[in-house]
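# Notes for the structure review
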Amino acid sequence: AAAAVALVLEEGLAGLYKEIAVQIIDDETEQLFRRLAAVEGRHVEKVQRLLEHHRTDETEGAALVAAVDGRVEGGFSRDQLLGHAFQVLEEPDLMFQLAMMIETQAWDLYLRYGERATRPETRALWFDLARDEQQHLNWLAARLGEFIRV
């Protein structure tokens, strides 16, 4: 069931990043969001592979997935994030900060899910995704530093 939730959250954020990218005027920031969408797409593939190997209680999985419907990685409302992004589209530094906020929240959420998980494979899934989010944050921080120096 945890993998089904992760799948919904990751798919939601990949779609959100793609939608933001097509609205951005600045080429460098557009490429940032396209890259983030691709990274989230790889997360989707990773979680899909896990789902293929682990059968879950479909009733439990459906209830959990319904609970995160309309949410993206980190637990944010997709519509609220999109509205906020559209307000700052022409401010690339704020777009970087938005992406960092999303990735930070996802890292924290996945760590908390991992700490609460009782099954070893579920813990491993959440902690693996949290490690990925930490890498995204490190990459974004470096890119923001480069962007600000320019």
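Residues numbered from 1 in each chain as written. Predicted model: local features only at pLDDT ≥ 70, side-chain atom pairs only at ≥ 80, totals over all residues. Heavy atoms only, no water.

## Points about the overall build of the chain
- Within the chain, the regular secondary structure consists of six helices and two strands.
- Secondary structure elements of the chain, listed N to C terminal, follow the sequence α-α-α-β-β-α-α-α.
- In the chain, buried positions account for 44% of the 150 residues.
- Within the chain, contacts between residues at least 6 apart in sequence are counted, and of these 75% link residues at least 24 apart.
- For the chain, the exposed surface amounts to about 8,100 Å²; the carbon and sulfur share of it is 51%. (Helix = DSSP H or I, 4+ residues; strand = E, 2+ residues; numbered from the N terminus. Buried < 20%, exposed > 50% of the residue type's maximum accessible area, 1.4 Å probe, protein only. Contact = heavy atoms within 4.5 Å. Areas by Shrake-Rupley, 256 points an atom, 1.4 Å probe, with all protein chains shown as cover.)

## Topic: the side chain of Glu 30
- Along the chain, Glu 30 turns up in helix H2 (residues 27-53).
- In this view, Glu 30 contacts Ala 21 and Ile 24; residues no more than four positions away in its chain are not counted.

## Details of the packing of aromatic side chains
- Inspection of the entire model under this criterion finds three aromatic pairs.
- On the numbers, 5.3 Å between centres and 35° between planes, the contact of Tyr 110 with Trp 126 is tilted. Of this pair, Tyr 110 sits in helix H5 (residues 92-116) while Trp 126 sits in helix H6 (residues 120-149), and the two are 16 residues apart along the sequence. Take Tyr 110 and Trp 126: they sit in the same class, and that class is buried. (Phe/Tyr/Trp six-rings, centres within 6.5 Å; stacked < 30°, edge-to-face > 60°.)

## A short note on helix H4 (residues 78-87)
- Within the sequence span of H4, burial applies to Leu 81, Leu 82 and Ala 85. Across the axial projection of H4, the buried residues extend over an arc of 100°, all falling on one side. Of the exposed residues in H4, the ones pointing more than 90 degrees away from its buried face are Asp 79, Gln 80 and Gln 87. (Arc of directions from axis to C-beta.)

## Regarding the packing of helix H1 (residues 2-23) against H5
- Two elements in contact, H1 and H5, have axes whose closest approach is 13 Å; the angle formed by their N-to-C orientations is 180°. Looking at the two axes, H1 sits roughly antiparallel to H5. Residues Leu 9, Glu 10, Leu 13, Leu 16, Tyr 17 and Ile 20 of H1 form the contact with H5, whose own contacting residues are Met 95, Ala 99, Ile 102, Glu 103, Leu 109 and Tyr 110.
- Partitioning the contact of H1 with H5 into residue classes produces 10 nonpolar, no polar and two charged. (Axes fitted to C-alpha atoms, helices over the stretch in contact; angles between N-to-C directions. Parallel < 35°, antiparallel > 145°, perpendicular 65-115°, else oblique. Nonpolar A, V, L, I, M, F, W, Y, C, P; charged D, E, K, R; others polar.)

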